[in-house]
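Here is what each chain is made of, one letter per residue.
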Amino acid sequence: MPLPTPTLHTPRLLLRPFTEADTDAIFALQSDPTVLRYWDASPWTTRAQAERFLATCKQIEQEGTGARVAIDRAADGVFVGWCGLVQWDPTCHSARMGYCFDKAAWGQGFATEAAGALLQWAFETLDLNRVQAEADTRNAASGRVLEKLGFVREGTLREDCIVNGEVSDSWVYGLLRREFKLQR
């Protein structure tokens, strides 16, 4: 059963469904080696990868397994990143969260603001009990974002990624419904 991707507003951001018009912006973001420094995949090298990402966004919406939203600054409509909930399991009331932001948007609280809005929507709409996220152990900024949202670091996945020949560990975070403070 389809799960329509939400359109959400925060004081500084617009979270919205991706469109084909986002192809160049998502390609620019995901092809930046600085942005993907701690990602579990290499930077994109072809526009076709952006097209596949957008197709996957539509696919998870149609399958009802999650939602990925494009994030624009409300003040000027500039694309600053994306946030998503995937692997929604209605039986276990769980999902996984991920996000990626342009380096020009780092350090401004956009990740916390956007992820908080998407989490609120998810807890209210999907009847979630648990959301899981992972962050490379070298990415302290992402860990701080998750902790600000109420996620608890639950463990470390040792040497779970090898990207561009570099081995890395990941922290596993969990957020339970009762621990999330809804943003009203």
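So, here is what we can say about the structure in this document. Keep in mind the model is a prediction, meaning the values are calculated, not measured. (Residues numbered from 1 in each chain as written. Predicted model: local features only at pLDDT ≥ 70, side-chain atom pairs only at ≥ 80, totals over all residues. Heavy atoms only, no water.)

Now for the sheet that holds strand S5 (residues 94-101). The sheet built from eight strands is open, its strands ordered S1-S2-S3-S4-S5-S6-S8-S7 with mixed pairing. Two strands close off the open sheet at either side, each with one partner strand: strand S1 (8-9) and strand S7 (152-163). Two strands pair when backbone bridges link them, and S5 and strand S6 (residues 130-136) are joined in this way by three bridges, in the parallel orientation. The partner of Arg96 across the bridge, within S6, is Gln132. Contacts from helix H2 (residues 47-63) reach strand S3 (67-73) and strand S4 (79-89) within the one sheet, and its direction differs from that of S3 by about 125 degrees. (Pairing = 2+ DSSP bridges. Helix = DSSP H or I, 4+ residues; strand = E, 2+ residues; numbered from the N terminus. Contact = heavy atoms within 4.5 Å. Axes fitted to C-alpha atoms, helices over the stretch in contact; angles between N-to-C directions.)

What follows concerns the state of the cysteines. Evaluated as defined, the whole model comprises zero disulfides. Counting only cysteine sulfurs, Cys100 is the nearest neighbor of Cys161, a cysteine outside any disulfide, at a range of 14 Å. The buried category is assigned to Cys161, whose relative accessible area is 14%. (Disulfide = S-S within 2.5 Å. Buried < 20%, exposed > 50% of the residue type's maximum accessible area, 1.4 Å probe, protein only.)

Residues Ser142, Gly143, Val145 and Leu146 constitute the buried set of helix H4 (residues 140-148). Buried residues of H4 fall within an arc of 155 degrees about the axis and therefore sit on the same side. Here the buried face of H4 lies against S5, helix H3 (110-125), S6 and strand S8 (166-176). Downstream of H4 by a residue or two, Gly150 has a phi angle that is positive, lying close to 105 degrees. (Arc of directions from axis to C-beta.)

Mapped onto the fold, Gln30 is located in helix H1 (residues 23-30). For Gln30, the contacting residues outside a window of four places in its chain are Leu36, Trp39, Pro43, Trp44, Trp82 and Cys100.

Further remarks concern the packing of aromatic side chains. Inspection of every chain in the model, using the stated rule, returns eight aromatic pairs. With 6.4 Å between their ring centres and 90 degrees between their planes, Trp171 and Tyr173 make a pair best called edge-to-face. For the pair formed by Trp171 and Tyr173, the shared burial category is buried. The residue whose ring lies beneath Arg68 is Trp82, and the NZ or CZ to ring-centre distance is 5.5 Å. Above the face of the Trp171 ring, Arg153 is positioned so that its terminal group lies 3.9 Å from the ring centre. (Phe/Tyr/Trp six-rings, centres within 6.5 Å; stacked < 30°, edge-to-face > 60°. Lys NZ or Arg CZ within 6 Å of the ring centre and 35° of its normal.)

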